[in-house]
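These are the residues of each chain, in order.
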Amino acid sequence: MTEVFHKLVADRVALLELRRPPHNFVDEASLTDLADELLAYDDDDDVSCVVIAAQGRHFCAGVDLRGIGAAGIRRFYRQALRIFSGRKPVVAAVHGAAVGGGLGLAMAADFRVAAPDARLTANFARLGFHHGFGLSVTLPRAIGQQRALELLYTGRSVTGTEALDLGLCDRTADDPRGAAITFASEIAASAPLSLPAIRSTMRRSMVAEVSASLDIEANAQAALLGTADFAEGIAASVEKRQPRFTSS
């Protein structure tokens, strides 16, 4: 089974679906596939807007960090930057969990439609880690500096309903995929040459900031990979218990 499925689902609307169920953890290979498929629509005159969704229980429960080192983190974020740099507007349909890098992926889209009971989490600090995927830029742009700091410092989850109140998502729906396709269809009804031009203008500074931020985030993550606190954070998450950090 391919890890990324794509098809036209409405007039001028394409769907990209992560297929790594049930949790849709992403790694360098799957993110590369997603970026390849997304950027292929840049030159597709039949597509004006793209929906990113996922198969299984969760939108994306995070990044598969097994065996990853500093070089792997940097390669992964080179692919993440490609997700930000496409020409066509993107709507993310979030169900289940969007955790860590999964939240970063959702925030790379122009808009997010979430299920009311979806769980959006920047849990990096609870793992003894540093946040990534450009969240240094996208979180405060969406919800403001203070609320972004709260979510990053505490690592707490917010539901889709609270995310709507915070500005973390743009709409909620019991069927986020269907609602995202409807939203994308509203966008795709606009002039096809206008949309990429407007997107380029409106996202230019953000993409530049994300590019710089990804380097900083990668360095910070690499510095924490070998710490005892990171190992404890991962162990506690797997064992579903409170972590016992030791500042080492």
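The preceding data block contains the structure.
Residues numbered from 1 in each chain as written. Predicted model: local features only at pLDDT ≥ 70, side-chain atom pairs only at ≥ 80, totals over all residues. Heavy atoms only, no water.

A. Broad picture of the overall build of the protein. The helix and strand tally for the protein stands at 9 helices and 9 strands. Its C-alpha atoms give the protein a radius of gyration of 17 Å, near enough to 18 Å, the size a compact globule of 248 residues would have. By the burial criterion, 50% of the 248 residues in the protein qualify as buried. Contacts in the protein between residues at least 24 apart in sequence constitute 74% of all its contacts with a sequence separation of at least 6. Working note: accessible area of the protein is about 11,000 Å², and carbon and sulfur atoms make up 54% of it. Here the protein holds 26 positive side-chain charges and 29 negative ones, and the gap between their average locations is 3 Å. (Helix = DSSP H or I, 4+ residues; strand = E, 2+ residues; numbered from the N terminus. Rg over C-alpha atoms; globule rule 2.2 N^0.38 Å. Buried < 20%, exposed > 50% of the residue type's maximum accessible area, 1.4 Å probe, protein only. Contact = heavy atoms within 4.5 Å. Areas by Shrake-Rupley, 256 points an atom, 1.4 Å probe, with all protein chains shown as cover. Lys, Arg positive; Asp, Glu negative; His and termini not counted. Charge placed at Lys NZ, Arg CZ, Asp CG, Glu CD.)

B. View of the side chain of threonine 121. Counting through the fold element by element, threonine 121 comes out in strand 7 (residues 119-121). A polar contact of 2.6 Å, which involves the side chain of threonine 121, links it to the side chain of serine 157. If near-sequence neighbours (up to four positions away) are discounted, threonine 121 is found in contact with Ala98, Val99, Gly100, Leu103, Gly155, Arg156 and Ser157. (Polar contact = N/O pair within 3.5 Å; in protein donor to acceptor, adjacent residues only side chain to side chain.)

C. Representation of the nonpolar core in the model. Membership of the largest hydrophobic core comes to 60 residues, with the highest contact counts inside it found for Phe59, Phe133 and Leu168. Looking at this core element by element, the count peaks at 6 residues for helix 2 (residues 70-84). Among the nonpolar cores identified, the runner-up in size contains 17 residues, and Leu15, Ala53, Ala180 and Ala188 belong to it. (Core = buried A, V, L, I, M, F, W, Y, C linked by side-chain atoms within 4.5 Å.)

D. Structural view of helix 5 (residues 145-154). Where helix 5 is concerned, the buried positions are Ala148, Leu151 and Leu152. When helix 5 is viewed along its axis, its buried side chains cluster within an angular range of 95° and face the same direction. Counted as exposed and oriented over 90 degrees from the buried face of helix 5: Gln146 and Tyr153. Looking at the buried side of helix 5, the elements it contacts are helix 4 (135-143) and strand 8 (157-159). Looking one or two residues beyond helix 5, the residue adopting positive phi is glycine 155, at roughly 70°. (Arc of directions from axis to C-beta.)

E. Region of the structure containing the environment of aspartate 229. Within the secondary structure, aspartate 229 sits in helix 9 (residues 228-239). C-alpha of aspartate 229 to C-alpha of alanine 180: the two residues are 49 residues apart in sequence and 39 Å apart in space.

F. Spotlight on the side chain of aspartate 42. Positionally, aspartate 42 belongs in the loop between helix 1 (28-40) and strand 3 (49-54). Although buried, aspartate 42 forms no salt bridge, and the nearest oppositely charged side chain, arginine 87, lies 5.5 Å from it. A distance of 2.8 Å separates the side chain of aspartate 42 from the backbone nitrogen of arginine 87, its partner in a polar contact. With residues up to four places along the chain from it excluded, the contact list for aspartate 42 reads Gly86, Arg87 and Lys88. (Salt bridge = Lys/Arg side-chain N within 4 Å of Asp/Glu carboxyl O.)

G. Summary view of the packing of helix 4 against helix 5. Put simply, helix 4 and helix 5 touch, their axes get as near as 7 Å, and they point 125° apart. Here helix 5 runs oblique to helix 4, going by the angle between their axes. Handedness of the crossing formed by helix 4 with helix 5: right-handed. Every residue of helix 5 that contacts helix 4 at Leu139, Pro140 and Ile143 is listed here: Gln145, Arg147, Ala148, Leu151 and Leu152. (Axes fitted to C-alpha atoms, helices over the stretch in contact; angles between N-to-C directions. Parallel < 35°, antiparallel > 145°, perpendicular 65-115°, else oblique. Left-handed = near helix turned anticlockwise from the far one by under 90°.)

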